[in-house]
Amino acid sequence: MIQLSDNISNYITKHFGNEYLQKYTEYFHGGYLPYLRISPFVDETLIIKRLKEYKIELERIENIDRAYRITEGQNIAGKTLEFILGKYYIQSLSSMISALVLNPSEKDIVLDLCAAPGSKTTQLAELMNNKGTLVANEISLDRTKSLVFNIDKMNLVNVGIMNYNGELLSKIFNNYFDKVLVDAPCSALGITQKRGEVSNWWNEKKATGLAEIQFKLLVSAIKSCRVGGEIVYSTCTLSPEENELVLNKILKKYPVELVDIKLPVKSVNAFTKFGNEELNETISKAKRILPWEINSEGFFVSKLIKTGDVDPSEKYPRKEKKYEILSSKSGKMKNIIAELSDFFGIPPGKFDEYKYIIKNEDIYFVDAAWDYENIDAFIRVGSKLGAVDKKKIFQLHTLAAQSFGAFAKYNIEEISERNELQTYFEGRIIKRNIEKPGQKIIKYKDYFLGTAGASKEGLKSQFPRAFRTQEIILPS
């Protein structure tokens, strides 16, 4: 069992006092309580009912729509059919707050500067009603994989994914975004209950070094945001060096103002003094969430408004344009859309709700209100519509089937048996007689699972390999 290190204990005693240390120690040794948020694109009552079939019990969280504490069945909540299909997302209560404070709409152009693993990105996309322009940036390529995975699992089509150093992202974007979230990498003193290994490496020098990175990230966010735009700066740590002192330094050098925020959970005002140093008094508008007061994690949350121009960063040279965003009416898309519409009976007008990107044999779709044209700067924009196979036939992707399935009339195959469901998720062949070969959209109860290839053998699952690695507990 990991113990609370002397480095942490001495730091907390020095800056917060013995009573604070006692409460922090009790929190550190307490049991972690998971929470979840239910997707706004599903029937909330139905999902709660389905989870009860797994013996998962939920407790509603006041003041936050569709947020629940998992009181029973914590060990299986991340293995249900509904979780795999993105009907809900497991996320700590405190972690939900930053996106709620930013509160973007589908009309805003939004940046999540430090996006992986995607908890807040997916929440922002949902707040935007899965429409508009949301840029999700992550510096780590490995962590970008988890970001892509979670965006795909939640079936979101308004997100463009980038892999850049966030400190330099203003070299691509200048005065562009309406709203920016900087949930910065930090020393994690607020989440030690969940990640006890933090105790093994935490020290003040590490926190001070991270504060330099946090400052640079926040500067990049300010430069990337338009005048009048909003920036939320948050961390999951409790050290003032990474919170109040970062804001104090920013307020001295850049045209931003802190604004009052009201959180849906209990919080206290941020500090305006650190040691003998008096800080900008408006920093009290930022909030500290103490983990033992809300049975979740410790967090720091603030909101700034950009009030004036900032000298722009030197621009990165623009990449040679390889790809373009196409409308549904473009010559390159007309035949494919007509083919999909005829084969699956999807009304052609549904395809007008999106724009399209062709990358060799692959085609992606993104919300029609997507704003940024230089898509060569992105790893990916939108979600995968499908690809042209070796026989020059367009094959619908599972993610697209999940988006368009509810509007399809033809070539839908329903499965009802648990063994068929298991076979499908394992990527194998469901044995059954098929009257008409070709691609099918697979449905189970109210859920559109994805696609399969139909032949004399049966239905060959086309469920993506990336999702087959998950353990899935099927409903009884």
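On a predicted model such as this, the values are computed, not experimentally measured, just so you know. (Residues numbered from 1 in each chain as written. Predicted model: local features only at pLDDT ≥ 70, side-chain atom pairs only at ≥ 80, totals over all residues. Heavy atoms only, no water.)

Undergrad: Could you clarify how one ought to interpret the overall build of the chain in this entry?
TA: Broken down by element type, the chain carries 16 helices and 26 strands. A compact globule built from 476 residues would reach a C-alpha radius of gyration of about 23 Å, and the chain, at 24 Å, matches this within 12%. Along the three orthogonal principal directions, the C-alpha set of the chain runs to about 80 × 50 × 35 Å. The buried share among the 476 residues of the chain stands at 58%. Sequence separation of 24 or more characterises 73% of the internal contacts of the chain that already satisfy a separation of 6 or more. (Helix = DSSP H or I, 4+ residues; strand = E, 2+ residues; numbered from the N terminus. Rg over C-alpha atoms; globule rule 2.2 N^0.38 Å. Buried < 20%, exposed > 50% of the residue type's maximum accessible area, 1.4 Å probe, protein only. Contact = heavy atoms within 4.5 Å.)

Undergrad: Would you explain the packing of aromatic side chains in this entry?
TA: How two aromatic rings sit relative to each other is set out by the distance from centre to centre and by the angle between their planes. Counted according to the given criterion, the structure contains 25 aromatic pairs. Each ring, one from Tyr354 and one from Phe365, has its centre 5.1 Å from the other, and the planes form 80 degrees; the classification is edge-to-face. On the criterion of sequence distance, the pair formed by Tyr354 in strand β17 (residues 354–359) and Phe365 in strand β18 (residues 362–367) is long-range, its members being 11 residues apart. In terms of burial, Tyr354 and Phe365 fall into one category: buried. Here the aromatic cluster, defined as three or more aromatic residues joined through ring pairs, consists of Tyr11, Phe16, Tyr20, Trp202, Phe271 and Trp292. The ring of Tyr89 has Lys153 sitting right over it, with the charged end atom 5.4 Å from the ring centre. (Phe/Tyr/Trp six-rings, centres within 6.5 Å; stacked < 30°, edge-to-face > 60°. Lys NZ or Arg CZ within 6 Å of the ring centre and 35° of its normal.)

Undergrad: What is the right way to read the packing of helix α9 (residues 204–224) against helix α10 (residues 244–253) from this model?
TA: Helix packing for two helices is described by the angle between their axes and how far apart those axes are. At a minimum axis separation of 10 Å, α9 and α10 run at an interaxial angle of 40 degrees. Classed by the angle they form, the pair α9 and α10 counts as oblique. In the crossing of α9 with α10, the sense of the turn from one axis to the other is right-handed. Packed against α9, whose contacting residues are Ala211, Glu212, Gln214, Phe215, Leu218, Val219 and Ile222, the element α10 presents Val246, Leu247, Lys249, Ile250 and Lys253 at the interface. When the residues that make up the contact of α9 with α10 are grouped by side-chain class, the tally is eight nonpolar, one polar and three charged. (Axes fitted to C-alpha atoms, helices over the stretch in contact; angles between N-to-C directions. Parallel < 35°, antiparallel > 145°, perpendicular 65-115°, else oblique. Left-handed = near helix turned anticlockwise from the far one by under 90°. Nonpolar A, V, L, I, M, F, W, Y, C, P; charged D, E, K, R; others polar.)

Undergrad: Could you clarify how one ought to interpret the pairing of strand β20 (residues 383–388) in this entry?
TA: Where a strand is regular, its side chains alternate between the two sheet faces. Here β18 runs beside β20; their pairing, made up of four bridges, is antiparallel. Bridging from a neighbouring strand, Tyr364 pairs with Lys384 of β20. Hairpin connection from β20 to strand β21 (residues 394–396): five residues lie between these consecutive antiparallel strands, with Lys392 at a positive phi of about 65 degrees. (Pairing = 2+ DSSP bridges.)

Undergrad: Would you explain unusual backbone geometry in this entry?
TA: Glycine aside, the phi torsion of most residues is negative, and most peptide linkages are trans. In this structure, Pro117 follows Ala116 across a cis peptide bond, with omega equal to 5 degrees. With respect to the element layout, Pro117 can be found in the loop between β5 (109–112) and α6 (119–127). Backbone geometry places Asn103, a non-glycine residue, at a positive phi of 50 degrees. Looking at the element boundaries, Asn103 is found in the loop between α5 (97–102) and β5.

Undergrad: Honestly, the sheet that holds β17 in this entry has me stumped. Any pointers?
TA: Consider a sheet: its strands pair through backbone hydrogen bonds, and that pairing is either parallel or antiparallel. In space, the five strands of this open sheet follow the order β16-β17-β18-β20-β21, with antiparallel pairing throughout. In the strand order of this sheet, the two ends are held by β16 (325–326) and β21, each with one partner. In terms of strand pairing, β20 meets β21 through three bridges, oriented antiparallel. In the sheet register, Val388 faces β21, and the bridge partner there is Phe394. Its contacts with the sheet place helix α12 (residues 331–344) against β16, β17, β18, β20 and β21, and it is angled at close to 60 degrees to β21.

Undergrad: Help me understand the sheet that holds strand β24 (residues 438–444), please; the structure alone is not making it clear to me.
TA: Spatially, β22-β24-β25-β26-β23 is the arrangement adopted by the five strands of the open sheet, whose pairing is mixed. Both edges of this open sheet fall to β22 (412–414) and β23 (429–430), since each of them pairs with a single strand only. Docked against the sheet, helix α15 (residues 418–425) engages β23, β24, β25 (447–455) and β26 (458–461), running at close to 80 degrees with respect to β25.

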